[in-house]
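Examining the three-dimensional arrangement
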Amino acid sequence: GRIAVKTGRGLASSSGELNLQTGDAGQSGVSGAITISTGTASTGSSGEIRFQTGQALDGAGGSIKIASGTSNGKLGGDIVITAGNVASETGGSVFLHGGAGTQTSSGQMDLRTLNAGIAGSSGAISITTGTSSSGASGSIYLETGAATGGPAGTVQIKVGGSESGAGRDATV
């Protein structure tokens, strides 16, 4: 059977909001988890989970924001996105795309860590492929797109400046 949860429609203004949230924890516990999962399939594909905002006819499309919890005394929560594992075939892929622009520019993709506090270091970004026991390990491609009516984009590798010593090296 199918279960549909839907808020009220707004004819002249905004539609209703849907809030899915667990209650606060007590003094020594953890707050409850929310699990959204599809069922298993014996011969076909398992079900899809889709997060999608509605179309905007005259305004900007809605955003999808995924944020982990902050902490006052310990580590902040992690965000882990993992594609499916497969025993005998190729594992699932992870795709991150900026939006296409049919008349103007396509969307930008920004991958960065945020600034550190007074006594710490800012977070590192690591792009690595997995190891391989019998075949070749995966490749890493850093490439700009082709341009038919203007110059192609540049690829820059730049080391940040330092106010208290020499900057680090850029090693290729």
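Because the structure is a prediction, the values reported are computed rather than measured.

The rules behind the values
Residues numbered from 1 in each chain as written. Predicted model: local features only at pLDDT ≥ 70, side-chain atom pairs only at ≥ 80, totals over all residues. Heavy atoms only, no water. Helix = DSSP H or I, 4+ residues; strand = E, 2+ residues; numbered from the N terminus. Rg over C-alpha atoms; globule rule 2.2 N^0.38 Å. Buried < 20%, exposed > 50% of the residue type's maximum accessible area, 1.4 Å probe, protein only. Contact = heavy atoms within 4.5 Å. 1 Å grid on protein atoms, 1.4 Å probe; cavity = no way out; pocket = protein on both sides within 12 Å on 5 of 7 lines; lining within 4 Å. Points joined across faces, edges and corners; volume = space filled by probe spheres on them. Nonpolar A, V, L, I, M, F, W, Y, C, P; charged D, E, K, R; others polar. Salt bridge = Lys/Arg side-chain N within 4 Å of Asp/Glu carboxyl O.

What follows is about the overall build of the protein chain. Counting its regular elements, the protein chain contains zero helices and zero strands. Relative to the globule expectation of 16 Å for 172 residues, the C-alpha radius of gyration of the protein chain, 23 Å, shows a markedly less compact shape. Structurally, the protein chain occupies a C-alpha span of about 60 × 55 × 50 Å along its principal axes. A total of 172 residues make up the protein chain; the buried ones form 0% of that total. Taking contacts inside the protein chain between residues at least 6 apart in sequence as the whole, the part at least 24 apart equals 0%.

Rolled over the atoms, a probe as big as a water molecule pinpoints where empty space is left. Looking at the largest pocket, its volume works out to about 3000 Å³. Lining the largest pocket are 36 residues, with Asp110, Leu111, Arg112, Ile125 and Ile127 positioned closest to its centre. Around the second largest pocket sit 17 residues that line it, and Val5, Lys6, Thr7, Glu17 and Leu18 are the ones nearest its centre. Residues belonging to the lining of the second largest pocket are distributed by class as follows: seven nonpolar, six polar and four charged.

Scanning the model with the defined rule gives two salt bridges in all. Close ionic contact of Glu48 with Arg50 constitutes a salt bridge, the shortest N to O distance being 2.5 Å. No difference in accessibility class separates Glu48 from Arg50, as the two residues are exposed. Asp110 is the salt-bridge partner of Arg112, the closest N and O atoms lying 2.9 Å from each other.

The values reported here are purely geometric and, on their own, carry no functional implication.
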